[in-house]
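Overview (structure and organization)
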Amino acid sequence: GQQLNQSPQSMFIQEGEDVSMNCTSSSIFNTWLWYKQDPGEGPVLLIALYKAGELTSNGRLTAQFGITRKDSFLNISASIPSDVGIYFCAGHGSSNTGKLIFGQGTTLQVKP
Amino acid sequence: DAGVIQSPRHEVTEMGQEVTLRCKPISGHDYLFWYRQTMMRGLELLIYFNNNVPIDDSGMPEDRFSAKMPNASFSTLKIQPSEPRDSAVYFCASSLGTLWAFFGQGTRLTVV
């Protein structure tokens, strides 16, 4: 079945640094979504992408839908301690069945 | 809107007992998803419904797991009999079409 490969698995950075993580698939996805999960909570949507090549920002977050429709990246600029959490990419495959698949997640730790 | 509501938030049960997890999706949403999250396997899609009909249950690990959606505002995930390896956080999510999904806060299940 369709799978999303997310990297890196974890990151430990200094406050103020920029962060970049990405997600790839061997098959085409029609949508790319980026979620953040805080401890003890469910994932919360950060950014949604619906068109190949689309570049979308949400505050310090920027995400892009790859031209090939097989990848996406998320950048966080000027990280702060509250950025700590697990970041997931997710997507709807090309079969348009509504099935929403998640990557394995990137755990981000920020040192003040 | 109250968001996706899951109950209970925490469940501790003995091996062999039946466990029922409950979910109330966001009103008007036509897709409902059940995910299981563990450290080893990340977020796994167990089953999803569209307009109360199960579409894909290929992620349900065993016959011990079953899910129902008797109406648009309620779904259950049942494990019978439960085993220690079922210990995980179970999330319910809902979406309107193939737009982004909203997650509940999850049910942390511990089987001893």
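Up top is the structure these notes are about.
For the structure given in this document, a descriptive report is provided here. Quick caveat, the model's predicted, so the values are computed rather than measured. (Residues numbered from 1 in each chain as written. Chains lettered and ligands numbered in written order. Predicted model: local features only at pLDDT ≥ 70, side-chain atom pairs only at ≥ 80, totals over all residues. Heavy atoms only, no water.)

For the rest of this paragraph, the subject is the overall build of chain B. In terms of helices and strands, chain B carries zero helices and eleven strands. Of the regular secondary structure in chain B, the N- to C-terminal order runs β-β-β-β-β-β-β-β-β-β-β. In terms of principal-axis extent, the alpha carbons of chain B reach across some 35 × 25 × 25 Å. Classification of the 112 residues of chain B by burial places 48% in the buried group. Long-range contacts, defined here as pairs at least 24 residues apart, represent 53% of the contacts in chain B between residues at least 6 apart. (Helix = DSSP H or I, 4+ residues; strand = E, 2+ residues; numbered from the N terminus. Buried < 20%, exposed > 50% of the residue type's maximum accessible area, 1.4 Å probe, protein only. Contact = heavy atoms within 4.5 Å.)

Okay, the packing of aromatic side chains next. A full pass over the atoms with the stated rule returns 14 aromatic pairs over all chains. With centroids separated by 6.5 Å and ring planes inclined at 85°, the aromatic side chains of tryptophan 32 of chain A and phenylalanine 65 of chain A adopt a geometry described as edge-to-face. Linking tryptophan 32 of chain A in strand 4 (residues 29-37) with phenylalanine 65 of chain A in strand 7 (residues 61-65), this pair joins segments that are 33 residues apart in sequence. For the pair tryptophan 32 of chain A and phenylalanine 65 of chain A, a shared accessibility class is recorded, and that class is buried. With a centroid separation of 6.5 Å and an interplanar angle of 45°, the aromatic rings of tyrosine 50 of chain A and tryptophan 100 of chain B are classed as tilted. Residue tyrosine 50 of chain A is found in the loop between strand 5 (44-49) and strand 6 (55-58), and its partner tryptophan 100 of chain B is found in the loop between strand 9 (88-95) and strand 10 (101-103); the two belong to separate chains. On the basis of relative accessible area, tryptophan 100 of chain B is assigned to the partly exposed category, the value being 30%. Here a set of aromatic residues connected by ring pairs shows up, and it is made of Tyr35, Phe88 and Phe102 of chain A together with Tyr31, Phe33, Tyr35, Tyr48, Phe91 and Phe103 of chain B. (Phe/Tyr/Trp six-rings, centres within 6.5 Å; stacked < 30°, edge-to-face > 60°.)

A separate point is the side chain of serine 95 of chain B. Residue and element names in this part refer to chain B. Its location among the elements puts serine 95 in strand 9. One polar contact links the side chain of serine 95 to the main-chain carbonyl oxygen of glycine 97, over a distance of 3.0 Å. When residues no more than four places from it in sequence are discounted, the contact partners of serine 95 are His29, Asp30, Tyr31, Phe33, Trp100 and Ala101. (Polar contact = N/O pair within 3.5 Å; in protein donor to acceptor, adjacent residues only side chain to side chain.)

Residue and element names in this part refer to chain A. Looking at where threonine 107 falls in the secondary structure, it is placed in strand 11 (residues 106-111). Taking C-alpha positions, threonine 107 is 26 Å from threonine 68, a pair spaced 39 residues apart along the chain. Among residues more than four places away in sequence, those in contact with threonine 107 are Gln9, Ser10, Met11, Gly85 and Ile86.

Before going further, it helps to spend a moment on the interface of chain B and chain A. Of the residues lining the interface, 18 residues belong to chain B; the matching set on chain A comes to 18 residues. Looking at the side of chain B facing chain A, the largest losses of area belong to Leu43, Thr98 and Trp100 of chain B, adding up to 31% of the total buried there. Across the contact surface, chain B and chain A share one salt bridge. Where aspartate 56 of chain B meets lysine 99 of chain A, a salt bridge forms, and the shortest distance between an N and an O atom there is 2.9 Å. Summed over the shared surface of chain B and chain A, the number is seven residue pairs in polar contact (both at pLDDT 80 or more). Mapped by element, the contributors of at least two residues to the side of chain B that touches chain A are strand 4 (31-38), strand 5 (42-50) and strand 10 of chain B. Of the residues forming the side of chain B that touches chain A, the biggest block, four residues, is contributed by strand 4 of chain B. Class assignment for the residues of the side of chain B that touches chain A results in eleven nonpolar, five polar and two charged. (Buried area = accessible area lost by both parts, 1.4 Å probe. Salt bridge = Lys/Arg side-chain N within 4 Å of Asp/Glu carboxyl O. Nonpolar A, V, L, I, M, F, W, Y, C, P; charged D, E, K, R; others polar.)

Further remarks concern the layout of surface pockets. A volume near 790 Å³ is recorded for the largest pocket. Every residue lining the largest pocket is counted, 34 residues in all, and those nearest its centre are Gln37 and Ile86 of chain A together with Gln37, Thr38 and Met39 of chain B. Looking at the lining of the largest pocket, the elements with two or more residues in it are strand 9 (85-93) and strand 11 of chain A together with strand 4, strand 9 and strand 11 (107-111) of chain B. (1 Å grid on protein atoms, 1.4 Å probe; cavity = no way out; pocket = protein on both sides within 12 Å on 5 of 7 lines; lining within 4 Å. Points joined across faces, edges and corners; volume = space filled by probe spheres on them.)

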